[in-house]
Amino acid sequence: MALSNLAVLLARQQNATTPVLMIDWDMEAPGLHHYFEHSEERPGVLELFEACREQLHRRRKGADVLDDEELAQEVLAAVGWEQYVSRVDQSSQLYLMRAGRFDDSYAERLAAMHWDELFDNCPALFRCFADNLARHFRYVLVDSRTGRTDSAGICTTLLPRKLVVVFTPNRQSLEGVQALVARATAYRRSHEDEQRPLLVYPLPSRIEMGDSTQRAQWRRGDPQHNIVGYQPIFEQLMRDCYGMQQVSLDSYFDEVQLQQTRTFAYGEQLAVRMDQGGDRFSLTRTFEAFLDWLGPGYCPWQSSREIHLLSAIDEARHALGEGGARALSQPLARDLNLLGELYRREGKLRQALDCFQESLTLRQRGMGEDHVDTLISKSNLAGVLRRQGRLDEAQFLEECIVETRERLLGAEHLDTLAARANLAATLAEQGQGAEALAIQDAVLDAYLRMLGSEHLLTLSCKAARADLLFQRGDLEQARREQEQVLAKRKRLLGAEHPDTLRSKTALACTLVALNEQEGARVLFDKVLAAQLRRLGPDHPDTRKTMELLGVEQPRPYEWRRDARPGGAPDAEAGEFAPVRELHQDAAMADYDNALPRPPLGRVAMDAAGLRARRGDELLALDEQLGGVRPASR
């Protein structure tokens, strides 16, 4: 059902000029032909490979000895493929290769077809078969069952460039597709002749849209009911198969779930032909969303926003390459800038750098050095260069931005202050702490006068100033300012807002450097508990907190002594009673003395090692300050 609907949508592309072939390789239970009324009774997959078997038998008796590739090509050329394919739609180039001719001998002939022997006689046969069809059709979709049969192994390991695993949310189905994906990817990695890319796309089906509780249980998991959840299963599977540290399928599964509907629960009906509305409740809309990933070959861990931006960028580049209007260069620059910001948030600095550089070049050429959009691209590029450690380049760009904004906007315009704060962050990274602190103090003074002490920009600036103090070794002053920022953020934003959690982490690191372990533990544990509830155990922020705590699995109030900087032992490490955190009463204005001060000197901590981890506020300040501007362009 899924393959038939996707094939119809693909065949409609480019004014219905896209050639698409469907192959029914589910030979024990063939049924693809039922979805198409005009399917001719022709020989199919079984007859084609019976002919290949006969050709191989003849050639093995001959005197000429050919290598596998040449032998496979000769056999396929002798057999041909045209007689096994029929057209099933007169309004598009949609074709079908049936499972076979369903006469009285079909079952007997299928039982006599030993796929493993065919492969052993010519291992390149199936790969060459796929390559030949790919030269004639834009898309070749193969319907195969899962399991450990020889024919299923051909369809999942030898033929595809992309493997779509359709499953229902139950343990039997999930266990089957897990094993299938693991076998297919392991085979591709381990066999020298088959080391080709294989992209895996999970496709959940028969999802009951009326029961949100069960839908969430089976997607995310529910430990109380011993349900793992298909999203964490596939995220772990893809981490293992592709050697990735982080994989998130949130955006993908938000869009791709085949819902169960009464209309299409019976018979062989094509939703994309009947359901023309395409609203967000329709199967057609779901299939179209799935094709956003499958068609161009985007990975399922790429977000929908990323793939839509990539598609828009590709279209604009193609139009410009075809001699399109130069006005297209600025929408292209905008989309490149947006994509760069997305990559920066995800920590993909190399990709972000490429996007910002191209965006800046287009804007300099089209709008000049002083245009506001050009300055935005420069600022974004400088921020990524700073995070990559290319500090001289970042400083040069930021000094240019400061000079331009002071000249055009004035010394105390919010954009000018943002540029000066970014310059201070870069100078601090270069070890010019005194100069950086002087600039940061001037920016903070301006915010206090213009915006007040509780404006979010003021708090971000003060948090960044505390980071500078921490880097300079002024730990007590850094601690006081961090406590003040934390108190105000907690009252204004809530105890579990990301900015509040960032403040707690910053304060905890300072307490560690001051050798106040108990207070640091409580803050870290509260941050971790909040992140586990709101982000999950696999989110990068959660994992970073677990790394700071020195734990591999989240367990409340755990502090592993072997992970402490310096490796010093602690007799009281392990389980401990919660220590009262900063005062919870949001009406109180003074939080400075609310944190307990345990005795110093129990563990020697490496403050320099912590400084390397303590750039969060400085790195986030660009985005915090950028919030005063209109939406990114």
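Up top is the structure these notes are about.
Every value quoted in this text rests on a predicted model; they were computed, and no experiment measured them.

J.: Got a sec to walk through the packing of aromatic side chains? Specific residues and values, please.
T.: With the rule as written, the count across this model stands at 18 aromatic pairs. Three or more aromatic residues joined by ring pairs form one cluster here, namely Phe 167, Tyr 230, Phe 234, Tyr 252, Phe 253 and Trp 293. The ring of Tyr 139 carries the charged tip of Arg 138 above its face, separated from the ring centre by 4.5 Å.

J.: Break down the nonpolar core for me, citing the residues and quoting the values.
T.: Formed by 84 residues in total, the largest nonpolar core has its most connected members in Met 22, Leu 94 and Phe 234. When residues of this core are assigned to their parent elements, the largest contribution, eight residues, is made by helix α1 (residues 2-11). If near-sequence neighbours (up to four positions away) are discounted, Met 22 is found in contact with Leu 3, Ser 4, Ala 7, Leu 32, Phe 36, Val 88, Leu 94, Tyr 95, Leu 96, Met 97 and Leu 141. Ranked by size, the runner-up nonpolar core spans 40 residues in total, among them Ile 23, Ala 72, Val 85 and Tyr 106.

J.: An account of the environment of Arg 491 is requested, with residue identities and associated values reported.
T.: One can find Arg 491 in helix α23 (residues 475-493). In this structure the side chain of Arg 491 is engaged in a polar contact, spanning 2.2 Å, whose partner is the side chain of Glu 454.

J.: Hey, could you go over the sheet that holds strand β3 (residues 94-97) for me, with residue numbers and the actual values?
T.: Spatially, four strands are ordered β2-β3-β1-β4 in an open sheet, and the strand pairing comes out mixed. The sheet is open, and its two edges are formed by β2 (86-89) and β4 (139-143), each paired on a single side. Geometrically, the sheet is characterised by an average inter-axis angle of 30° between neighbouring strands, direction not taken into account. As paired elements, strand β1 (residues 20-24) and β3 share four bridges and run parallel to each other. Bridge assignment links Val 20 to a residue of β3, and that residue is Leu 94. Each of β1, β3 and β4 is contacted by α1, which is oriented at about 170° to β4, the strand it contacts most.

J.: Residues and numbers for the pairing of β2, please.
T.: Inspection of the sheet shows β2 paired to β3 by three bridges, in the antiparallel sense. Bridge pairing in β3 places Arg 87 opposite Tyr 95. Linking two consecutive strands that pair antiparallel, namely β2 and β3, is a turn of four residues.

J.: Break down the pattern of salt bridges for me, citing the residues and quoting the values.
T.: Throughout the structure, instances matching the rule amount to 30 salt bridges. With a shortest N-O distance of 3.3 Å, Asp 103 and Arg 109 are connected by a salt bridge. Of the residues examined, Asp 103 reaches a relative accessible area of 35% and is grouped as partly exposed. Assessed through its relative accessible area of 18%, Arg 109 is described here as buried. The closest approach of N and O atoms between Glu 398 and Arg 386, which form a salt bridge, is 2.9 Å. A residue pair is termed long-range when its members are at least 10 positions apart, and Glu 398 in helix α19 (residues 391-409) and Arg 386 in helix α18 (residues 372-387) qualify at 12 residues. Look at Arg 386 and you get buried, because its relative accessible area is 4%. Through salt bridges with shared partners, one network takes in Glu 47, Glu 50, Asp 103 and Arg 109.

Criteria and cut-off values
Throughout, residues of each chain are indexed from 1 in the direction in which the sequence is written. Only residues with pLDDT of at least 70 get local features here, since the model is predicted, and only at 80 or more are side-chain atom pairs given and counted; chain-wide, interface and lining totals rely on the full set of residues. Side-chain calculation: all heavy atoms of the structure are included, whereas hydrogens and water are not. Stacked, edge-to-face and tilted are the three classes for Phe, Tyr and Trp ring pairs, Trp counted by its six-membered ring, which pair at centre distances within 6.5 Å; planes under 30 degrees apart are stacked, over 60 edge-to-face, the rest tilted. For a Lys NZ or an Arg CZ to count as sitting over a ring, it must be within 6 Å of the ring centre and within 35 degrees of the ring normal. Side-chain atoms within 4.5 Å are what join buried Ala, Val, Leu, Ile, Met, Phe, Trp, Tyr and Cys residues into a set we call a nonpolar core. Note on exposure labels: buried denotes an accessible area under 20% of the residue type's maximum, exposed denotes more than 50%, and partly exposed covers the range between, all computed with a 1.4 Å probe on protein chains only. Comment: elements are numbered from the N terminus, with helices defined as DSSP H or I runs of at least four residues and strands as E runs of at least two. By the convention used here, residues are in contact when the closest approach between their heavy atoms is within 4.5 Å. Any pair of nitrogen or oxygen atoms within 3.5 Å is treated as a polar contact; in protein, a donor-acceptor pairing is required on top of that, and neighbouring residues in sequence qualify only through side-chain atoms on both sides. When DSSP finds two or more bridges between two strands, those strands count as paired. Structural elements are reduced to axes, namely lines fitted to C-alpha atoms, with helices fitted over the stretch in contact, and the angle between N-to-C directions of any two is expressed from 0 to 180 degrees. Here, a salt bridge means any side-chain nitrogen of Lys or Arg that lies within 4 Å of a carboxyl oxygen of Asp or Glu.

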